[in-house]
Each structure stands twice: as C-alpha cells, then as structure tokens.
Amino acid sequence: MKTVTCTAPVNIAVIKYWGKRDEKLILPLNDSISFTLSQDEMCAKTTVSISPTFSEDKFWLNGKEESLDNPRVQNCLKEIRRRASKRKFEGPDKNVLSWHLHICSENNFPTAAGLASSAAGYACLVYALGQVYGVEGDLSPVARQGSGSACRSIYGGLVRWYKGEADDGSDSVARPIAPPDHFPDLQVIICVVNAGRKKTGSTEGMKQTRATSSLMQHRINTSLPSRIESMMKAIKEKDWPTFCDLTVADSNEMHAVCLDTFPPCVYMTDTSHAVSSLMHQYNDLKTTQGNTNHKVCYTFDAGPNACIFAPGAVAREVLALLLHAFPPTPPQSREEYVKGISSQPACLSKELKSLADDHLQSGKLQYLIHTKVGDGPKVLTDPASSLLDLTTGLPNPSGSNA
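Residues numbered from 1 in each chain as written. Predicted model: local features only at pLDDT ≥ 70, side-chain atom pairs only at ≥ 80, totals over all residues. Heavy atoms only, no water.

## Topic: the pattern of salt bridges
Enumeration over the complete set of coordinates arrives at 17 salt bridges. Between Lys-58 and Glu-56 there is a salt bridge whose closest N-O contact spans 3.6 Å. Its relative accessible area of 21% is what places Lys-58 among the partly exposed residues. The salt bridge involving Arg-227 is made with Asp-250; its shortest N-O contact spans 2.7 Å. Taken together, the residues Arg-227 in helix α5 (residues 214–236) and Asp-250 in helix α6 (residues 240–259) connect sequence positions 23 residues apart. The two residues Arg-227 and Asp-250 agree in class, both being buried. Where salt bridges share partners, they join Arg-219, Arg-227, Asp-250 and Glu-253 into one cluster. (Salt bridge = Lys/Arg side-chain N within 4 Å of Asp/Glu carboxyl O. Buried < 20%, exposed > 50% of the residue type's maximum accessible area, 1.4 Å probe, protein only. Helix = DSSP H or I, 4+ residues; strand = E, 2+ residues; numbered from the N terminus.)

## Quick look at helix α2 (residues 117–133)
Each α-helix winds once per 3.6 residues, and so residues spaced three or four apart point in a common direction. Helix length check: α2, at 17 residues, gives a terminal C-alpha distance of 24 Å against a target of 24 Å (1.5 Å per residue), a fit within 8%. Counting buried positions over the 17 residues of α2 gives 15, a clear majority of the element. Looking one or two residues beyond α2, the residue adopting positive phi is Gly-134, at roughly 70 degrees. (Expected span 1.5 Å × (residues − 1).)

## Points about the pairing of strand β9 (residues 100–107)
Within β9, seven of the eight residues are buried, which leaves the element mostly enclosed by the surrounding structure. The sheet contact formed by strand β7 (residues 58–61) and β9 spans four bridges and is parallel. By the bridge assignment for β9, Phe-59 is matched with Ile-103. (Pairing = 2+ DSSP bridges.)

## Regarding helix α10 (residues 350–358)
Within α10, burial applies to Leu-352, Leu-355 and Ala-356. Each buried residue of α10 lies within a common arc of 95 degrees when the element is viewed along its axis, so the set occupies one face. Of the residues in α10, the exposed ones pointing more than 90 degrees away from the buried face are Lys-350 and Asp-358. Tucked into the core, α10 has its buried residues touching α7 (270–288) and α8 (312–325). (Arc of directions from axis to C-beta. Contact = heavy atoms within 4.5 Å.)

## A look at the nonpolar core
Counting residues in hydrophobic clusters, the biggest one holds 119 residues, and the most contacted among them are Phe-35, Phe-243, Phe-309, Val-318, Leu-322 and Leu-368. By residue number, the principal contributor to this core is α2, which donates 11 residues. Excluding its chain neighbours within four sequence positions, the residues that come into contact with Leu-368 are Ile-189, Ile-190, Cys-191, Leu-319, Leu-322, Leu-323, Tyr-337, Val-338 and Lys-339. (Core = buried A, V, L, I, M, F, W, Y, C linked by side-chain atoms within 4.5 Å.)

## A look at the packing of α7 against α10
Closest axis-to-axis distance for the α7/α10 pair is 10 Å, and the angle between their directions is 160 degrees. Accordingly, the angle class assigned to the pair α7 and α10 is roughly antiparallel. The handedness of the crossing between α7 and α10 is right-handed. Touching Leu-278, Gln-281, Tyr-282 and Leu-285 of α7 are Glu-351, Leu-352, Leu-355 and Ala-356, all from α10. Tallied by class, the residues present in the contact of α7 with α10 amount to six nonpolar, one polar and one charged. (Axes fitted to C-alpha atoms, helices over the stretch in contact; angles between N-to-C directions. Parallel < 35°, antiparallel > 145°, perpendicular 65-115°, else oblique. Left-handed = near helix turned anticlockwise from the far one by under 90°. Nonpolar A, V, L, I, M, F, W, Y, C, P; charged D, E, K, R; others polar.)

## Description of the sheet that holds strand β2 (residues 11–15)
Taken in spatial order, the four strands of this open sheet run β2-β5-β10-β11, and their pairing is antiparallel. Two strands lie at the open edges of the sheet, namely β2 and β11 (174–178), each paired on one side alone. In this sheet, neighbouring strand axes are inclined to one another by 35 degrees on average, regardless of whether the strands run parallel or antiparallel. Bridge analysis of β2 against strand β5 (residues 32–36) gives four bridges, and the strand direction is antiparallel. Bridge pairing in β5 places Asn-11 opposite Thr-36.

## Side note on the layout of surface pockets
Volume-wise, the second largest pocket comes out at about 280 Å³. The dominant element in the lining of the second largest pocket, judged by the number of residues it contributes, is helix α1 (residues 71–84), at five residues. A class-by-class count of the residues in the lining of the second largest pocket yields three nonpolar, four polar and seven charged. (1 Å grid on protein atoms, 1.4 Å probe; cavity = no way out; pocket = protein on both sides within 12 Å on 5 of 7 lines; lining within 4 Å. Points joined across faces, edges and corners; volume = space filled by probe spheres on them.)

## With respect to the packing of aromatic side chains
This structure, assessed with the given rule, holds eight aromatic pairs. Judged by centre distance (5.5 Å) and plane angle (55 degrees), the rings of Phe-35 and Phe-243 are tilted. Placement of Phe-35 in strand β5 and of Phe-243 in helix α6 is noted, with a sequence separation of 208 residues between them. A single burial state applies to Phe-35 and to Phe-243, both of which are buried. (Phe/Tyr/Trp six-rings, centres within 6.5 Å; stacked < 30°, edge-to-face > 60°.)

If you want it as structure tokens, here you go:
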C-alpha cells in the first residue's frame, strides 16, 4: 500500500470569479485574482492510499463515507491517471494504475458556508493524487475541473486565474503573481456571520446570474477588464490604498449582480453590511488623519462572512474595533471567539470606541478567524498525520484535524 497525506489552503478572491462560459469544463467568464491564506488556521487535509488489495475505490469526507460517483471528483481522478499513464512504473509498482484507491478528506473549518471549502478540498485532493501517482507539472487545470477556484489554491501568495480562450480549457490556468510576503505583515480577519450551509450554492447562483442579470454583462465587458489591469498595476507597485479600493469595489459589484439576478441571490446579511460600514468609516477616519497606507479592505465571497485585510500596523486595532462592535455573547470567552493567531487587541481611542458603539451588535458574529497570507499545498511526512490507517487503509480518527 502506498499512502500520501497533504494539506491545501483556502484562497479568497479580491477580483471575483462569478459565472462560467463552459459548465462542464468549469471555464470562467473572467480572470480572477486571489490571496492564498495560511494553512495554520484554515486548510483541507486529504490522505490517499492505493493498494493492490483494495477491492474498490472508497471516499470519506468529514467523517462520512460518500459516493465517488461525483462527476467532478471523477474528472480530477481521470485526468491524474491519464497523466500518470505517461510515466513508466517498474517493479512492485508496475500495475499501480490498476489498483483501487481510498481517499479520506476533511476541512478544519465549516463546509459550504462561503469560506472557500471546495477550493481547498479539491486542491488538496488533486495535489495528493498527484503525489501518490508521481505526477509532476502544473496541477491547476486539474483542480479547476473539481472546483473553479480550487486552481488558485494550488499556489501561495497572490494568484491569478486566467480565463483562457481555448474551447478545451487548456489555457485556463492559475499562476502565482506575488509571494505571500508581497505586502509585508498583512493580517487577515474573517468575520463568521453564519457557518451554516448557504441557501443558494455558488454553482446554481452563477447559472442564475448569467441567465438573468443585465448588470452581469456590464461587469464582464466593461468594468472587469480595466479593474483587473488596475489591480495588477497596484500589486506590481505595492500600492496598498489602490489595492484596497479595487478589492472593495469588486466585492460590492459581484454582490450587486447577485441582487440583479432573478430571483435574486442574497448572500450578505444585515450584519455583513454592518461590518462593511464599520470598515468604511474606519478608513474615513484614517484618511482624515493622513494614514492612507493603514487602510483596510473587505471582500465577501458567495456568503455572509466578511474577509478583512489589514496591514500589520493596524491589525490589532481592527481586531479590537470588531470585538467592541460585535462582542461575543456569554458564556463564550474571547479565546473561543477569536480563533487562529494569538494576539492582544489594541487599546481603542475615544474616536474608535465611539465608532464601534454606533455599530454595536452583540452576538451577531459566531466567531472571528485571525490569520495571514500563506503558501500552497504541502505534503505531511509524519505517519501520525494520516487520515487512513497505514495497515488497513480505513479511516484513522487519530489523524484528524479536529
């Protein structure tokens, strides 16, 4: 039996992917750009075992056995095996492509809640399959066939997914454009409004938007081309204030086309809007003080949860602002409420306390995740990290992320 365990990261788009030109191949209508987040706080973990003794392919997801008939999983597996068939296997492994496999995967964060769980999950699956079969080269187009945004989780730092022009999707690939420390000491705070499954999934929402939204045509043909060009320029020049403005503008526009969909796709809640309003007023205050490089920006994927990017110089202040405006409800402690990086919130000025008081909504956030920008997938070499028993190939609870 051959076993490999990997982890892969979540990525958060700052230029959004929303809408496909080809549903089967998962080809997007536009390029997108994302930050890959640290795996220390949020990741998918997958173990793949292959053995001549397995009688069938099996798959376990988050502790539950699932069918492997999912066409997206099958597309990823088929493409990895196709690439592996070009290799020459010798000795005990010469018939490896005919062996059955066992896959066990889990996330250490909520699934289907608008936190990019499918991106991390499929990136991890494809990366682990590539490792177990010895497949080299760019895996982003394989991950794309599982979940579009998964192709961006194949790399760390800032990543661009090119929509491509070819009908077969051969040029629809992700490429790294800047390392994780491109904006030094950048902190990320995710405000989890609701960790439950969202009412309208991204796949269905994209279909509805493309079919019914007139605003979507303006987005694709007019606003996005110039915004992407401006974003690439801001990244190259490390122009943080412009980067912030473009990130917020694109998030707002994506949710505008969701509302322009018929029937509308409503992902943001009153609490989501309260968080965004608080960030705008915080930026206004910093601007009047002449600290434009201390701006923060937010972005919302297809869900109610805000992802806030804050420069290290003000991250503790932003954390304190959120804690003051959206305090936990007892008996939840602050340690339970703020997950991830351990940091002491800053002391708020009188102005910021007043600002937070104006947005006070106790108990409206479930918790905060404090993290940073990170690297792409990695292989775990410690046998104890395996989610599958190394003798039987069956789920091994001791290797869980939990």
